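So the chains spell out like this:
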Number of protein chains: 2
Amino acid sequence: MSVVTIERKVLQKNDELAAANRELFARNGLLVLNIVSSPGAGKTTLLEATIEALRDKVRIAVVEGDVQTDIDAQRVAQYGVPVVQIVTNGGCHLEASLVADAVGSLDLDQVDLLLIENVGNLVCPANFDLGEALKVVVLSTTEGADKPLKYPAMFRKAGVLIVNKVDLLPYVNVDIAAIKRHAHQINPRLVIFETAATSRFGVAEWCDWLMAKLTAGHA
Amino acid sequence: MSVVTIERKVLQKNDELAAANRELFARNGLLVLNIVSSPGAGKTTLLEATIEALRDKVRIAVVEGDVQTDIDAQRVAQYGVPVVQIVTNGGCHLEASLVADAVGSLDLDQVDLLLIENVGNLVCPANFDLGEALKVVVLSTTEGADKPLKYPAMFRKAGVLIVNKVDLLPYVNVDIAAIKRHAHQINPRLVIFETAATSRFGVAEWCDWLMAKLTAGHA
């Protein structure tokens, strides 16, 4: 009983801090994405591809969330954008307070698009608002078509689904139409893109959509 | 501060219940595996392959853990073994109390090998002992070679690593030697198998090892 109460308090406190983050981001005219997925679905490669496609058009910064290591931050830093690494040290998700600390070391005046890569976990990050404008869930085709049904919270809270590794479809027994059907069954408003981030297939469509969102004014 | 205290109490309580489970399993001469992985790494297919290979030699029962749906339990039930589904309803891991409830509906006298499929999550289940003899972590080759370094707790606590979907190695930029090196760097005692569970490749080696463990008496 007391545990439930405490958990509610944690979520409530997080929601308050997320609202403060959201206000800070709006004040600075920032579009902020919270990118979530299972481990190994391709979040970091998608980040690299997105930065590559957009870095001459908009000013990008990245917050990397990981349980351990700064492997991802080092990968992204090679693309010449500011990166802040958050190591959760066993923690299964990012929280708004960690993101507030992380963006404190960025010059937000110099950023148009902030990409937050969450911990690889299709469950826990769904409950923790970071103050983002948009949750982007990345699903690898290799994970199977049943995942939106089995992990519905994440798909319900996301605005965009990126079905990644479509280049592997010929080699796995997975129906991409079923992935999309299940995703839309959980969340009919999901905007869906298909990518193979390693070869950059489909990345242009995703980035065009993102640019339109940036240009339209996302506030 | 109070949150940390509560969390410790939760873990302590879980450890006590896990110890009780372990005693129950030992009393019934059961070998119990706690099978963990990211979503979509292939736990259920590996279960199916393992049941197929061993069901004429040992009496198997399954506990399925899922955030939502009984898709996996229905898949496994087709193999003619007793299955109990635990739906965590958003919960990110199985706990010892849930497993105690689940095995309460099984006739443990009629079981030699109990396979518990945990929620697809490479982070949270690492902290929750279920009373198993052995944690088996399944990693899909498509997840990348850095995963043992990025999610070390799970690999540290596992006794066996099954590197699954090795049939996809020709199509992904992943070095299986690096997966194994990183896994052994985190946990030098890990016993590693390579499988492609859908085609049953490598399943015989894994099942031979498991049979030897069952025959030797695992207590």
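Residues numbered from 1 in each chain as written. Chains lettered and ligands numbered in written order. Predicted model: local features only at pLDDT ≥ 70, side-chain atom pairs only at ≥ 80, totals over all residues. Heavy atoms only, no water.

A. Structural view of the pattern of salt bridges. Summed over all chains, the structure comprises 20 salt bridges over all chains. With its nearest N and O atoms 2.6 Å apart, the salt bridge here joins Lys150(A) to Asp72(B). Residue Lys150(A) is located in helix α5 (residues 147-150), and its partner Asp72(B) is located in helix α3 (residues 71-77); the two belong to separate chains. Judged by relative accessible area, Asp72(B) falls into the buried class, the value being 0%. A salt bridge links Arg75(B) to Glu48(B); the shortest N-O distance between them is 3.1 Å. One end of the pair, Arg75(B), is in helix α3; the other, Glu48(B), is in helix α2 (residues 43-54), with 27 residues separating them in the sequence. (Salt bridge = Lys/Arg side-chain N within 4 Å of Asp/Glu carboxyl O. Helix = DSSP H or I, 4+ residues; strand = E, 2+ residues; numbered from the N terminus. Buried < 20%, exposed > 50% of the residue type's maximum accessible area, 1.4 Å probe, protein only.)

B. Layout of the relation of the copies chain B and chain A. For the pair chain B and chain A, the relating rotation is 180°, the translation along its axis is 0.0 Å, and the fit reaches an RMSD of 0.0 Å. Within this description, the copies of the chain are treated as partners about a two-fold rotation axis. A high fraction, 100%, of the interface residues of chain B reappear at the interface in chain A, so the copies pair face to face through one surface. (Least-squares fit on C-alpha atoms with pLDDT ≥ 70 in both. Contact = heavy atoms within 4.5 Å.)

C. Here's a closer look at the packing of α2(B) against helix α8 (residues 203-216) of chain B. Residues and elements named next belong to chain B. Relative orientation of the contacting elements α2 and α8 amounts to 65°, with a least axis distance of 10 Å. Note on packing geometry: the crossing formed by α2 with α8 is right-handed. Facing α2, whose interface residues are Leu-46, Ala-49, Thr-50, Ala-53 and Leu-54, α8 presents Val-203, Trp-206, Cys-207, Leu-210 and Met-211. (Axes fitted to C-alpha atoms, helices over the stretch in contact; angles between N-to-C directions. Left-handed = near helix turned anticlockwise from the far one by under 90°.)

D. Spatial organisation of the nonpolar core. Within the largest apolar cluster, 59 residues are counted, with the highest numbers of intra-cluster contacts made by Val137(A), Phe155(A), Leu161(A), Val137(B), Phe155(B) and Leu161(B). Among residues more than four places away in sequence, those in contact with Val137(B) are Val36(B), Leu122(B), Met154(B), Phe155(B), Ala158(B), Val160(B), Leu161(B) and Ile162(B). (Core = buried A, V, L, I, M, F, W, Y, C linked by side-chain atoms within 4.5 Å.)

E. Geometry of the interface of chain B and chain A. Counting residues at the interface gives 34 residues for chain B and 34 residues for chain A. Summing both partners gives a buried area of about 2600 Å² for chain B against chain A, and 67% of it is carried by carbon and sulfur. On the chain B side of the interface with chain A, the three residues burying the most area are Pro39(B), Lys150(B) and Tyr171(B), jointly 22% of the side's total. The interface formed by chain B and chain A contains 4 salt bridges. Summed over the shared surface of chain B and chain A, the number is 9 residue pairs in polar contact (both at pLDDT 80 or more). (Buried area = accessible area lost by both parts, 1.4 Å probe. Polar contact = N/O pair within 3.5 Å; in protein donor to acceptor, adjacent residues only side chain to side chain.)

F. The arrangement of the sheet that holds strand β5 (residues 134-140) of chain A in detail. All names here are of chain A. Strand order across the open sheet formed by 7 strands is β3-β2-β4-β1-β5-β6-β7, with parallel pairing between neighbours. Each of the sheet's edge strands pairs with one partner strand only, and the pair in question is β3 (83-87) and β7 (191-194). Ignoring which end each strand starts from, the neighbouring axes of this sheet average 20° apart. Alignment of strand β2 (residues 60-66) against β3, held across 5 bridges, turns out to be parallel. Note that in β3 the partner of Glu-64 across the bridge is Gln-85. Here helix α4 (residues 96-103) sits on the sheet in contact with β2, β3 and β4 (113-117), set at roughly 145° to β3. This element, helix α7 (residues 176-186), spans β5, β6 (160-164) and β7 of the sheet and lies at about 160° to β7. (Pairing = 2+ DSSP bridges.)

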